[in-house]
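# Structural characterization, general
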Amino acid sequence: MTASSLVELKDWGLHVRLQGALSLEQRDSVARQVEMLCATLGARGTSWSSLVEFDRFEAEGFRPEILVALMKLARRCGQLRCGVVMTDWHWASAMAEVMIAAGIDDQARIFVLAKGLTVEGSLAGEIEGRPAADYPGMDSAMAWVLNGGVVAMVSKAA
């Protein structure tokens, strides 16, 4: 799988997708883009949501402090909900710990796609360049991002 990233504004908020083994420089670039877009969304003065997809993401030298800072910034800028979609239970556990450390576990939910809901081991979003949210298995994540609701959070305790 090729390493790639996507950071874009949507009418409902922020969409971020990280795929494969991104270099430290690529991850820093994504972090800067997220910072800028959080500020842009915060300037709107309305609540917004985000969808973050980690597709077979390999983060050698994972820096949870960067992720915690971005999550806290998003909250200060008006983020109402954050759906995190992953393809790996190990990373889901690590992400849950980061969310708890950031104090945003009340507004973020992790969705781990079952193997049957992936295409050749990756999120279905690579098909014809369409967002993964357009495919079965992403329904519950997008429903959370757009509408909220009760969804259990993944953690080491679970």
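Residues numbered from 1 in each chain as written. Predicted model: local features only at pLDDT ≥ 70, side-chain atom pairs only at ≥ 80, totals over all residues. Heavy atoms only, no water.

### Re the overall build of the protein chain
As a reminder, the rule being used: Helix numbering and strand numbering both begin at the N terminus, where a helix is a DSSP run of H or I of at least 4 residues and a strand a DSSP run of E of at least 2. To sort residues, take the accessible area from a 1.4 Å probe on protein chains only and compare it with the maximum for the residue type: under 20% means buried, over 50% means exposed, and anything in between is partly exposed. Throughout, a residue-residue contact means that at least one pair of heavy atoms, one from each residue, lies within 4.5 Å. Each accessible area value is a Shrake-Rupley result obtained with a 1.4 Å probe; residue values ignore everything except the protein chains displayed when judging cover.
Along the backbone of the protein chain there are four helices and five strands. From first element to last, N terminus to C terminus, the protein chain shows the α and β order β-β-α-β-α-β-α-β-α. Taking all 158 residues of the protein chain together, 46% fall into the buried category. For the protein chain, restricting intrachain contacts to residue pairs at least 6 apart in sequence, the fraction spanning at least 24 positions comes to 77%. Here the protein chain has roughly 8,000 Å² of accessible surface; of this, 55% comes from carbon and sulfur atoms.

### Topic: the side chain of His15
The condition is simple: Distance and chemistry together define a polar contact, namely a pair of N or O atoms within 3.5 Å, with one atom able to donate a hydrogen and the other to accept it when in protein, and with adjacent residues in sequence counting only for side-chain atoms on both sides.
In this structure, His15 sits in strand S2 (residues 13-19). At a separation of 2.8 Å, a polar atom in the side chain of His15 contacts the side chain of Glu8. Among the polar contacts made by the side chain of His15, one reaches the side chain of Glu53 at a distance of 2.4 Å.

### A word on the pairing of S2
Which entries qualify depends on this criterion: DSSP calls a pair of strands paired once it identifies at least 2 bridges connecting them. Handedness of a crossover is defined as follows: with both strands directed away from the viewer, a clockwise route from the first strand across the helix to the second makes it right-handed.
Of all seven residues making up S2, seven are buried, and the element is well covered by its neighbours. Here strand S1 (residues 4-10) pairs with S2 via seven bridges, running antiparallel. The residue bridging Leu9 from the neighbouring strand is Leu14, located in S2. Relative to strand S3 (residues 48-55), S2 runs parallel, the two sharing seven bridges. Along S3, the bridge assignment pairs Gln19 with Asp55. For the handedness criterion, the β-α-β arrangement of S2, helix H1 (residues 24-44) and S3 is classed as right-handed.

### Here's the deal with the pairing of strand S5 (residues 108-112)
Burial within S5 is extensive, with five of its five residues counted as buried. Where burial is concerned, the two faces of S5 agree: the one with Ala108, Ile110 and Val112 and the one with Arg109 and Phe111 are both buried. For strand S4 (residues 79-86) and S5, the ladder comprises five bridges, and the chain directions are parallel. For Cys82, the partnering residue across the bridge sits in S5 and is Ala108. Crossover handedness for the path S4 to helix H3 (residues 89-102) to S5: right-handed.

### With respect to the environment of Leu18
The residue Leu18 is located in strand S2 in this model. The spatial distance from the C-alpha of Leu18 to the C-alpha of Arg56 is 8.3 Å, given a sequence separation of 38 residues. In this structure Leu18 touches Ser4, Ser5, Val30, Glu53, Phe54, Asp55 and Phe57, once residues within four positions along its chain are discounted.

### Details of the side chain of Gln79
Tracing the chain through its elements places Gln79 in strand S4. Side-chain polar atoms of Gln79 contact the side chain of Ser50, separated by 2.7 Å. Apart from the residues within four sequence positions on either side, Gln79 is in contact with Trp48, Ser50, Ala74 and Gln107.

### Notes on the environment of Thr40
Locating Thr40 in the fold gives a position in helix H1. Judged by its relative accessible area of 40%, Thr40 falls in the partly exposed class. Separated by 31 residues in the primary sequence, Thr40 and Leu9 place their C-alpha atoms 9.3 Å from one another.

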